[in-house]
Amino acid sequence: MTTVSLASLPELGAPSVWPASAVSGPAGDLLVGGVSLAGLAGQYGTPLYVLDETEVRTRARAWLRAVPGAEVVYAAKAFLSRAVADWVREEGLGLDVCSAGELELAMSRGFPAARIVMHGNAKSPEDLRAALRHGVGRIVIDSDCEIARLAAHVPGPDPQRVMVRVLPGIEAGAHHKIRTGTEGQKFGLSLTSGDAEDAVARVLGQPRLELVGLHCHLGSQIASTEPYARAAHRMVGFLARIRERHGVTLPELDLGGGFAVPYLPGDPAPAPAAFGRRIRDELARACAEFDFPEPRLTLEPGRSVIAPAGVALYRVLSVKRSGREVFVAVDGGMSDNPRPSLYGARYTARMVGRSSAAPMRTATVVGRHCEAGDVLAESVELPEDIRPGDLLAVPASGAYHLSMASGYNLVGRPPLVAVAGGQERLLLRRETFEDCMRREVTP
Ligand SMILES: Cc1ncc(COP(=O)(O)O)c(C=O)c1O
Ligand SMILES: N[C@@H](CCCC[NH3+])C(=O)O
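Definitions and limits used
- Residues numbered from 1 in each chain as written.
- Chains lettered and ligands numbered in written order.
- Predicted model: local features only at pLDDT ≥ 70, side-chain atom pairs only at ≥ 80, totals over all residues.
- Heavy atoms only, no water.
- Patch = residues over 30% accessible without salt bridge, like charges linked within 9 Å, V, L, I, M, F, W, Y side chains within 5 Å.
- Areas by Shrake-Rupley, 256 points an atom, 1.4 Å probe, with all protein chains shown as cover.
- Salt bridge = Lys/Arg side-chain N within 4 Å of Asp/Glu carboxyl O.
- Helix = DSSP H or I, 4+ residues; strand = E, 2+ residues; numbered from the N terminus.
- Buried < 20%, exposed > 50% of the residue type's maximum accessible area, 1.4 Å probe, protein only.
- Near = heavy atom within 4 Å.
- Polar contact = N/O pair within 3.5 Å; in protein donor to acceptor, adjacent residues only side chain to side chain.
- Nonpolar A, V, L, I, M, F, W, Y, C, P; charged D, E, K, R; others polar.
- Pairing = 2+ DSSP bridges.
- UniProt positions renumbered as here; feature names shortened; annotations may be inferred.
- Contact = heavy atoms within 4.5 Å.
- Phe/Tyr/Trp six-rings, centres within 6.5 Å; stacked < 30°, edge-to-face > 60°.
- pLDDT = per-residue confidence, 0-100.
- Expected span 1.5 Å × (residues − 1).
- Arc of directions from axis to C-beta.

1. Some points on a nonpolar patch on the surface
On the surface, L410, F433 and M437 cluster together into a nonpolar patch covering about 280 Å² of accessible area. Secondary-structure assignment places L410 in the loop between β19 (391-394) and β20 (416-420). In this structure L410 comes out as partly exposed when scored by relative accessible area, which is 46%.

Rendered as structure tokens:
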């Protein structure tokens, strides 16, 4: 047996972008969950996604501790598989789903329906039917036309518990495409226009629906606690107004998700405890101001639970100098991580599996797809002697990569391996060419 000398990662400068378990291994290797990344790449091929189970569980628990007595529902859209559904259920979280597919996966793992929240600005009849059939804890109403449609299908005898998604008019989120709390986009019902108020009145008039509270979701990759404080205040103000106009005291408030994680060393990202403290403080203050009993709080972190647990591994296919730029092209790209091309998201990368004494130089890591915009990471410091065959690891890859992966260029979606305690477990196998072709009707 070879003795492996492990070191923490001082050379990375900011270990926080890597899972807490990440340690340097011999010959430039990196171990996550006690498993060698170079070894995994050798065994499963690349591109490969690695998910640190302990990191997911630890972060799920951190959220529960951050808001004692509150409900924490994991936003499945960040990434969902059977194993992930099991982990978050076992840790005591609920689940936010936004399709019949996500719901069916959760139900297939025995997820308690009462802990499931269904979202969607345009829920299909199948989505609503599945939610009603399984008896999900809450359905979040996102448009006027959904109210009667939903009420007509409640199987009874009990009314379906619902919330109304409010557009609070608060701007937050890392990019305009992921801001959902402002006017002029497709989600929610506006507070300022009165649409939210009308919807509340209409829901209250539906005996088949039980309005239990209000929901809002400001956006994603929100790196400040401030917008949540404003949302808590505005939403409690609205709850108080509903009590005044309708004589009902709604018992629940869901302030959504959107909590930022660091992608680059030094990125601001308050810990769950900091978000939780600020939200609880502001909620208490607003309730005192409006003389309103504190509602049961729900939060819906997705990225914050799973992004830091994921590492993407790519093999370098070519290194090219073009003018003053150096392009390091790898065997994945926008088909497994569309975030840079969609939102200008920034990433870092490091070489793993080989030591190099060469000086570092700045390079752009690009994908293999037929798009000039297929860039994975800009301004990355990599050794000057990086060459085809080398491995690159990209941290913070656990959220909105595989869940948004596409079939572009028929390269096949990468596999996913879970690691914990020195053991690995294949969660998703690689999508093969045959898988890609299976959907096509033979001409
Ligand atoms: C309603 C709702 N809740 C929760 C989330 C989770 O967001 P995040 O992964 O940024 O925490 C989203 C996605 O932005 C959402 O639309
Ligand atoms: N998909 C986005 C976040 C939006 C999530 C869902 N509302 C991202 O990758 O950052």
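Moving on from the model shown.
2. Section: the site of ligand 1
Around ligand 1 there are 16 residues in total, and H217, S220, G258, E300 and Y400 lie nearest to it. Within the side chain of K77, a nitrogen or oxygen atom sits 3.4 Å from an oxygen atom of ligand 1. In this structure, G258 approaches ligand 1 through a main-chain N or O atom, which is 2.8 Å from an oxygen atom. In isolation ligand 1 has 390 Å² of accessible area, and contact with the protein removes 92% of it. Split by residue class, the shell around ligand 1 holds four nonpolar, seven polar and five charged.

3. Re the sheet that holds strand β1 (residues 23-24)
The three strands lie next to each other as β1-β2-β3, forming an open sheet whose pairing is antiparallel. Every other strand in the sheet has two partners, leaving β1 and β3 (35-36) as the edge strands with one partner each. Here β1 pairs with strand β2 (residues 30-32) via two bridges, running antiparallel. Bridge pairing in β2 places S24 opposite L30.

4. Remarks on the UniProt feature "binding site: pyridoxal 5'-phosphate" (unreviewed entry) in the chain
According to UniProt, the feature "binding site: pyridoxal 5'-phosphate" (unreviewed entry) maps to G258, E300, P301, G302, R303 and Y400 in the numbering used here. Inspection of the secondary structure assignment puts E300 in the loop between β13 (296-299) and α10 (303-306). In contact with E300, other than residues within four places in its own chain, are V73, A75, D96, V117, H119, H215, D254, G256 and G257. Tracing the chain through its elements places R303 in helix α10. Ignoring sequence-local partners within four residues, the contact set of R303 consists of A78, I178, S220, Q221, F259, V261, Y263, P308, R339, A399 and Y400. A distance of 2.7 Å separates polar atoms of two side chains, one belonging to R303 and the other to S220.

5. Topic: the side chain of E91
Mapped onto the elements, E91 comes out in helix α3 (residues 82-91). Polar side-chain contacts of E91 include one of 2.8 Å to the side chain of R57.

6. Focus on the pattern of salt bridges
Enumeration according to the criterion identifies 27 salt bridges in this entry. Put simply, R89 and D86 hold a salt bridge, and the shortest N to O gap is 3.3 Å. Note that R89 and D86 are positioned in helix α3 at a spacing of three residues, about one turn of the helix. Residue R354 pairs with D390 through a salt bridge whose shortest N-O separation is 2.7 Å. Highlighted residues: R354 in the loop between β16 (350-352) and β17 (360-366) and D390 in the loop between β18 (375-383) and β19, separated in sequence by 36 residues. Overall, the relative accessible area of 17% leaves R354 in the buried class. Judged by relative accessible area, D390 falls into the buried class, the value being 7%.

7. A few points about the side chain of D142
Relative to the elements of secondary structure, D142 occurs in the loop between β8 (138-141) and α6 (144-153). By relative accessible area, which is 4% here, D142 ends up buried. Among the polar contacts made by the side chain of D142, one reaches the main-chain amide nitrogen of G188 at a distance of 2.8 Å. In this structure D142 touches G120, N121, K123, R165, K186, F187, G188 and L189, once residues within four positions along its chain are discounted.

8. Points about the packing of aromatic side chains
If you walk through the whole model with that rule in mind, you get six aromatic pairs. Chaining the aromatic ring pairs together yields one cluster made of W63, Y228, F259 and F275.

9. Points about the site of ligand 2
Around ligand 2, the structure places K77, I178, S220, R303, R339, Y343, Y400 and M404. Take R339: an N or O atom from its side chain is 2.6 Å from an oxygen atom of ligand 2. One of the side-chain N or O atoms of Y343 is found 2.9 Å from a nitrogen atom in ligand 2. Considered on its own, ligand 2 offers 310 Å² of accessible surface; in the complex 83% of this is hidden by protein. Looking at the shell around ligand 2 residue by residue, the class counts come to four nonpolar, one polar and three charged.

10. Some details on the confidence of the model for the chain
Chain-level pLDDT for the chain is 94 on average; 97% of the residues reach the 70-or-more range. Contacts of residues 1-15 to residues separated by more than four positions or lying in other chains number 22 contacts, the stretch itself having pLDDT below 50. Complex prediction metrics read pTM 0.95 and ipTM 0.98.

11. Considering the UniProt feature "active site" (unreviewed entry) in the chain
Sites flagged by UniProt as "active site" (unreviewed entry) map to C370. Its location among the elements puts C370 in the loop between β17 and β18. Leaving out residues up to four positions away in the same chain, C370 has contacts with Y408 and N409.

12. Some details on the environment of R89
With relative accessibility at 23%, the residue R89 sits in the partly exposed group. Separated by 23 residues in sequence, R89 and P112 place their C-alpha atoms 8.2 Å apart. If near-sequence neighbours (up to four positions away) are discounted, R89 is found in contact with R109, G110, F111, P112 and R115.

13. Notes on helix α9 (residues 272-290)
With 19 residues, α9 ought to run about 27 Å at 1.5 Å a step, and its terminal C-alpha atoms sit 27 Å apart, in line with that. Residues of α9 that are buried include every one of P272, F275, G276, I279, E282, L283, A286 and C287, and no others. Along the axis of α9, the buried positions cluster into a sector of 145 degrees, meaning they face one direction only. Of the exposed residues in α9, the ones pointing more than 90 degrees away from its buried face are R285, A288 and E289. Contacts made by the buried residues of α9 are with α2 (53-66), α8 (226-246), β12 (252-254), β13 and α10.

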